[in-house]
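Residue-level listing of the chains:
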Amino acid sequence: MKYGGALVGLFLVPGVWGAVSLGGALTASTEIVCPGANVGQDGEEHPGPMRRGDTRCAVLDGSVHVATRTYEQQQRVQSLERRQDARNGALLLAYGATGGALVWRAQRPRSGRD
């Protein structure tokens, strides 16, 4: 195979990307962070992570307010995002490792059977 090394490299890129995504998902903080402004039980905005009992989290798309979430809703959204990142990372890692191994195996010199 003339381009075997380049082909292995093309499989390694998604493999590394998957490993980084998987590692990030597995080590992500469990702190609930609102992407916009937190409104506490007292009705005042406060900085930092959300706390149990916060009544509203303003979800922003750029600078546009698009939705409002409670603490529990934001917790579920972040949990779902972590699971999706872990799944996608594992799939990319498996794809890269399998493809790289197959190409590497195909370009190895044949045994004396030829």
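Everything below is about the structure shown above.
Every value quoted in this text rests on a predicted model; they were computed, and no experiment measured them. Residue positions are given per chain, counted from 1 along the sequence in the order it is written. pLDDT decides what is reported in this predicted model: residues at 70 or higher carry local features, side-chain atom pairs at 80 or more are listed and counted, and totals for whole chains, interfaces and linings draw on all residues regardless. Computation of side-chain values covers all heavy atoms of the structure but excludes hydrogens and water.

Asker: Looking at this structure, how should I read the pattern of salt bridges?
Answerer: Here the idea is simple: oppositely charged side chains can pair when their charged atoms come close. When a carboxyl oxygen of Asp or Glu is within 4 Å of a side-chain nitrogen of Lys or Arg, the pair counts as a salt bridge. Under the definition given, this model contains one salt bridge. Note that Arg52 is salt-bridged to Glu72, the shortest N-O span being 3.8 Å. With a gap of 20 residues between them, Arg52 in the loop between strand S2 (45–46) and strand S3 (56–61) and Glu72 in helix H2 (residues 71–107) connect regions that are remote in the sequence. Put simply, DSSP marks the helices as runs of H or I at least four residues long and the strands as runs of E at least two long, and each gets a number from the N terminus on.

Asker: What is the right way to look at helix H1 (residues 4–26) in this model?
Answerer: What a helix is expected to span follows from its residue count: subtract one and scale by 1.5 Å. Its 23 residues give H1 an end-to-end C-alpha distance of 33 Å, which sits within 8% of 33 Å, the value for a rise of 1.5 Å per residue. Among the residues making up H1, those that are buried are Gly4, Val8, Phe11, Pro14, Gly15, Gly18 and Ala25. The buried label goes to any residue with under 20% of its type's maximum accessible area, the exposed label to any with over 50%, and the partly exposed label to all in between, with areas taken from a 1.4 Å probe on protein chains only.

Asker: Is there a simple way to think about the environment of Ala58 in this case?
Answerer: Inspection of the secondary structure assignment puts Ala58 in strand S3. Exposure remark for Ala58: the relative accessible area of 13% places this residue in the buried category. A sequence separation of 29 residues divides Ala58 from Ser29, and the C-alpha atoms of the two residues are 20 Å apart. Note on definitions: a residue-residue contact is assigned when non-hydrogen atoms from the two residues lie within 4.5 Å. Not counting chain neighbours up to four residues away, the residues in contact with Ala58 comprise Cys34, Pro35, Gly36, Ala37, His65 and Ala67.

Asker: Which parts of the structure should I look at to understand H2?
Answerer: For an α-helix, 3.6 residues make a turn, and residues three or four places apart therefore share a direction. The end-to-end C-alpha distance of H2, which contains 37 residues, comes to 54 Å, matching closely the 54 Å that a straight helix rising 1.5 Å per residue would cover. Buried positions along H2 lie against H1, S3 and strand S4 (64–69).

Asker: In this structure, what is going on with the sheet that holds S3? I would like to understand it.
Answerer: Strand pairing in a sheet takes place through backbone hydrogen bonds and is either antiparallel or parallel in direction. Two strands make a pair as long as DSSP finds a minimum of two bridges between them. Reading across from one edge, S2-S1-S3-S4 is the order of the four strands in this open sheet, with antiparallel pairing throughout. Bordering the open sheet on either side are S2 and S4, each of which pairs with just one other strand. As judged from the five bridges shared by S3 and S4, these two strands associate in the antiparallel manner. Following the sheet pairing, Asp61 is matched in S4 by Val64.

Asker: Which parts of the structure should I look at to understand the nonpolar core?
Answerer: The nonpolar side chains of a soluble globular protein tend to be buried, and buried together. Definition of nonpolar core: a set of buried residues of the types Ala, Val, Leu, Ile, Met, Phe, Trp, Tyr and Cys, connected through side-chain atoms within 4.5 Å. By size, the foremost hydrophobic cluster in this structure holds five residues: Ile32, Cys34, Met50, Cys57 and Tyr71. When sequence neighbours within four positions are dropped, the list of residues in contact with Cys34 reads Met50, Cys57 and Ala58.

Asker: Would you mind going over the packing of H1 against H2 with me for this structure?
Answerer: Relative placement of two packed helices is described by the angle separating their axes and the distance separating the axes. Taken N-terminus to C-terminus, the directions of H1 and H2 make an angle of 155°; their axes are 7 Å apart at the nearest point. The angle between H1 and H2 places the two elements in the roughly antiparallel class. As for the relative orientation of H1 and H2, their crossing is left-handed in sense. To obtain an axis, a line is fitted to C-alpha atoms, over the contacting stretch when the element is a helix, and the angle between two such axes runs from 0 to 180 degrees between their N-to-C directions. With respect to orientation, any angle under 35 degrees is reported as roughly parallel, any angle over 145 as roughly antiparallel, any angle of 65 to 115 as roughly perpendicular, and every other angle as oblique. Note on convention: near helix rotated counterclockwise from far helix by under a right angle means a left-handed crossing. Clockwise means right-handed.

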